[in-house]
Amino acid sequence: MMKYFKNELWLVGVFFLTYNIGVGQSIETTFFDSLLLKYDIPGLSIAYIDNDKLEYIGNHGVTSQDTKDSIRANTVFGAASLSKPAFAYAVMKLVEQEKVDLDKPLYHYLKNEELEKDERYKEITTRMILSHSSGLPNWRNGELKLMHKPGSKFQYSGEGYMYLAKVIEHIQQKPINQVMKELVFQPLDMKHSSFVWEDRFEINFASPHDYTGTPKPNWRPEKPVIASSLHTTPTDYAKLMIAILQKKELETRTFNEIMKPQIKISNSLSWGLGWGINSSSKAEYLWQWGDNGNLKSFAMFYPDENRGMVFFINSYKGLRILPELVEYLFKDTIPEFSMLERSMRIRSDEKIMLSILKKGYNSGIKEFLIPNSNLLDTTIATERQLAFVAMQLKWRKKYSEEKRLLKAIAETFPASFKAQKGYAAHCIRHGYTHEGIQYYKKAQLLEPHNTDISNTLHLLTSEELNGNVTFTFSDYLWGSSVSVIGSFNNWSSSSTPLLKKNGVWTTTINLKPGTYSYQFMVDGYPMLDPKNDEVINENGQISSLLKVE
């Protein structure tokens, strides 16, 4: 009989529930609550499989720290890369139906115009895609290119799965989400699963949380991303894992192919068709992790023991529970895999941010400075990581802390144009005009031909501004900084600041004849021009409309 447990106080006292999960082994449901408390995680939903059956479901914590709604049995989570094994299962069904050949080059089914410059792409097969040996990158950085010869070595690739999804859509002549419904979700009774967002999910979904515990907007994919957009529940996903353990819906030879190592990564680790295969000192298990930033997930199962588990967590820090959880449930260790380790690590910007929030700026930043100096220790954090902390402080309206950190960054990286400009822009936004001009001039020395900086300095230092367009903003007097952003300045919030004169924010610039879209940026928030009724809708973004003759 399947057991459902939820962390809750009963009417009389607190009951510590235990459940037997093996010979001489049991779990207390409070163990999961202790993990949430230890790692400061909002919520966890976990399913445990024993003897090819879904034996235990645990729902702990909340869907969001602001609503405090409890996680329930059918709370939907973003599954991230747990999408990939689900897709692989569908592909293997098509292999059995002889619609797809594991070793037939994909270009025979559908050419990839993005890769046609490299003849090697014609070697890519379905087997290579599912085992991450296609030679394609995880995600492209600009133009899509092969990183190495297909089939030669392991290279984790979301792009590969995206290519294969297009091939499957072409073969089936159906959208990939419909293919997944017909081949996986409906046959396995996965009623709460989809690769696109569905309205029914709105009533019960888990919100992502960053490393400070702040809820973030949930990704609601309108189009399927086969490598990462699956939304599901542990109960649903466990049905997929049980189907594999029970050799359900597929022939035995197909399951053997799924579980067979296809590409070796290390002595203990290889990849099969859709799943990683880890050989620990205890036993062999299949696994996959998911990391969509502030949502984490993990699934693993032992084919020879008919046991496994899958969990979803709505926190950036979610995978840090993994070593303790695997030890507790299976007396085993996690895979030694660099990408998994990166998903579990404590980043430098996280340490700095949490230290400042907990201790205040002076005490919080102290351990990240060079001893006996006001300069930041660049062996601890890069300029980019530090700038991200400053941005996080800005999002939380910690403007004083943001200013001090941005100044420290500018002083630590005196040869960085971005550092000087970043601090200058902050100063102007918050009324420190003299200091802002000083640092804009430092930025100008680093990039003397930068017209953005030249124009900004002209606006800030000229007593009389000449031009054919004047912007004025007299509403919302609480504003401490106002700039104008638009199609004429590449929507830059720092290039066209307004200065307060006689209680009115104003600036004058030169614009060529034409039609422009623009908004005012007030203390970091975009706003339409209250005195201009003409607006324009550009791809869903509403802006004020300016016509210059």
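Quick caveat, the model's predicted, so the values are computed rather than measured.

Novice: Just checking my understanding: could you explain the packing of aromatic side chains for this structure?
Specialist: Tallied over the full model, the rule gives 34 aromatic pairs. Both rings, one in Tyr 302 and one in Phe 330, keep their centres 5.2 Å apart while their planes meet at 55 degrees; by these two values the pair is tilted. Highlighted residues: Tyr 302 in strand E12 (residues 296–302) and Phe 330 in helix H8 (residues 322–330), separated in sequence by 28 residues. Judged by its relative accessible area of 1%, Tyr 302 falls in the buried class. For Phe 330, a relative accessible area of 1% translates into the label buried. Each residue in the set Phe 154, Tyr 156, Trp 271, Trp 287, Trp 289, Phe 298, Phe 311 and Phe 337 is aromatic and connected to the rest through ring pairs, giving one cluster. The lysine or arginine in question, Lys 296, covers the ring of Tyr 316, its NZ or CZ lying 4.4 Å from the ring centre. Positioned above the aromatic ring of Tyr 432 is the side chain of Lys 403, whose terminal nitrogen or guanidinium carbon lies 4.6 Å from the ring centre.

Novice: Would you mind going over the side chain of His 231 with me for this structure?
Specialist: Inspection of the secondary structure puts His 231 in strand E7 (residues 231–232). A distance of 3.3 Å separates a polar side-chain atom of His 231 from the backbone oxygen of Trp 219. A polar contact of 3.0 Å, which involves the side chain of His 231, links it to the backbone oxygen of Ser 229. Every residue in contact with His 231, bar those within four places of it in the chain, is listed here: Val 76, Phe 77, Gly 78, His 192, Ser 193, Ser 194, Trp 197, Phe 201, Asn 218, Trp 219 and Pro 221.

Novice: Would you take a moment to explain the sheet that holds strand E16 (residues 499–501) for this structure?
Specialist: Adjacent strands of a sheet form backbone hydrogen bonds with each other and so pair up, either parallel or antiparallel. The 3 strands are arranged E14-E17-E16 in an open sheet whose pairing can be described as antiparallel. Looking at which strands have only one partner, the edges of the open sheet turn out to be strand E14 (469–473) and E16. On average, adjacent strands in this sheet sit at an angle of 40 degrees to one another, irrespective of strand direction. Pairing of E14 with strand E17 (residues 504–509) involves 5 bridges; the strand directions are antiparallel. Along E17, the bridge assignment pairs Val 469 with Ile 509.

Novice: What is the right way to read the pairing of strand E4 (residues 43–50) from this model?
Specialist: Consecutive residues of a regular strand have side chains that alternate between opposite faces of the sheet. Of all 8 residues making up E4, 8 are buried, and the element is well covered by its neighbours. Here E4 shows no split at all, with Gly 43, Ser 45, Ala 47 and Ile 49 on one side and Leu 44, Ile 46, Tyr 48 and Asp 50 on the other all buried. Sheet topology places E4 next to strand E5 (residues 53–61); 8 bridges connect them, and they run antiparallel. What sits directly across from Tyr 48, in E5, is Tyr 56. What sits between E4 and E5 in their antiparallel hairpin is a turn of 2 residues, with Asn 51 showing a positive phi close to 55 degrees. Sheet topology places E4 next to strand E13 (residues 307–313); 7 bridges connect them, and they run antiparallel. Paired with Ile 49 across the bridge in E13 is Gly 308.

Novice: Please clarify how helix H13 (residues 399–412) should be interpreted in this entry.
Specialist: Residues separated by three or four positions in an α-helix point in the same direction, a consequence of the helix having 3.6 residues per turn. In a regular helix each residue adds 1.5 Å, so 14 residues correspond to 20 Å; H13 covers 20 Å between its end C-alpha atoms and thus fits that length. Taken residue by residue, H13 has Glu 402, Lys 403, Leu 405, Leu 406, Ala 408, Ile 409, Ala 410 and Thr 412 as its buried positions. Structurally, H13 contributes buried residues whose contacts are with helix H11 (361–366), helix H12 (383–395), helix H14 (417–429) and helix H15 (433–446).

Novice: I'm lost on H14 in this one. Help?
Specialist: Here H14 is 13 residues long and its end C-alpha atoms lie 18 Å apart, about the 18 Å a rise of 1.5 Å per residue gives. Counted residue by residue, H14 has 10 buried out of 13 residues, so it is predominantly covered. All of the buried residues along H14 are Phe 417, Ala 419, Gln 420, Tyr 423, Ala 424, Ala 425, His 426, Cys 427, Ile 428 and Arg 429. Elements that come into contact with the buried residues of H14 comprise H12, H13, H15 and helix H16 (451–461).

Novice: What is the right way to read the layout of surface pockets from this model?
Specialist: Regions of empty space are outlined by a rolling probe, equal in size to a water molecule, passed over the atoms. Put simply, the largest pocket is a space of about 620 Å³. What lines the largest pocket is a set of 19 residues, and nearest its centre among them are Ala 387, Met 391, Leu 406, Lys 418 and Gly 422. Quantified by volume, the second largest pocket comes out at close to 390 Å³. Among the elements that line the lining of the second largest pocket, the one with the most residues is H16, at 5 residues. Residues of the lining of the second largest pocket, tallied by class, amount to 5 nonpolar, 11 polar and 1 charged.

Novice: What should I look at first to understand the packing of H12 against H13 in this one?
Specialist: Between two packed helices, what matters for the description is the angle formed by their axes and the separation of those axes. It is at 8 Å that the axes of H12 and H13 come closest, and there the two elements cross at 165 degrees. By the angle between their axes, H12 is roughly antiparallel relative to H13. Crossing hand, H12 versus H13: left-handed. Across the interface between the two elements, Glu 383, Leu 386, Ala 387, Val 389, Ala 390, Leu 393 and Lys 394 of H12 pack against Tyr 399, Glu 401, Glu 402, Leu 405, Leu 406 and Ile 409 of H13. Taken together, the residues of the contact of H12 with H13 break down into 9 nonpolar, no polar and 4 charged.

Criteria and cut-off values
- Residues numbered from 1 in each chain as written.
- Predicted model: local features only at pLDDT ≥ 70, side-chain atom pairs only at ≥ 80, totals over all residues.
- Heavy atoms only, no water.
- Phe/Tyr/Trp six-rings, centres within 6.5 Å; stacked < 30°, edge-to-face > 60°.
- Helix = DSSP H or I, 4+ residues; strand = E, 2+ residues; numbered from the N terminus.
- Buried < 20%, exposed > 50% of the residue type's maximum accessible area, 1.4 Å probe, protein only.
- Lys NZ or Arg CZ within 6 Å of the ring centre and 35° of its normal.
- Polar contact = N/O pair within 3.5 Å; in protein donor to acceptor, adjacent residues only side chain to side chain.
- Contact = heavy atoms within 4.5 Å.
- Pairing = 2+ DSSP bridges.
- Axes fitted to C-alpha atoms, helices over the stretch in contact; angles between N-to-C directions.
- Expected span 1.5 Å × (residues − 1).
- 1 Å grid on protein atoms, 1.4 Å probe; cavity = no way out; pocket = protein on both sides within 12 Å on 5 of 7 lines; lining within 4 Å.
- Points joined across faces, edges and corners; volume = space filled by probe spheres on them.
- Nonpolar A, V, L, I, M, F, W, Y, C, P; charged D, E, K, R; others polar.
- Parallel < 35°, antiparallel > 145°, perpendicular 65-115°, else oblique.
- Left-handed = near helix turned anticlockwise from the far one by under 90°.

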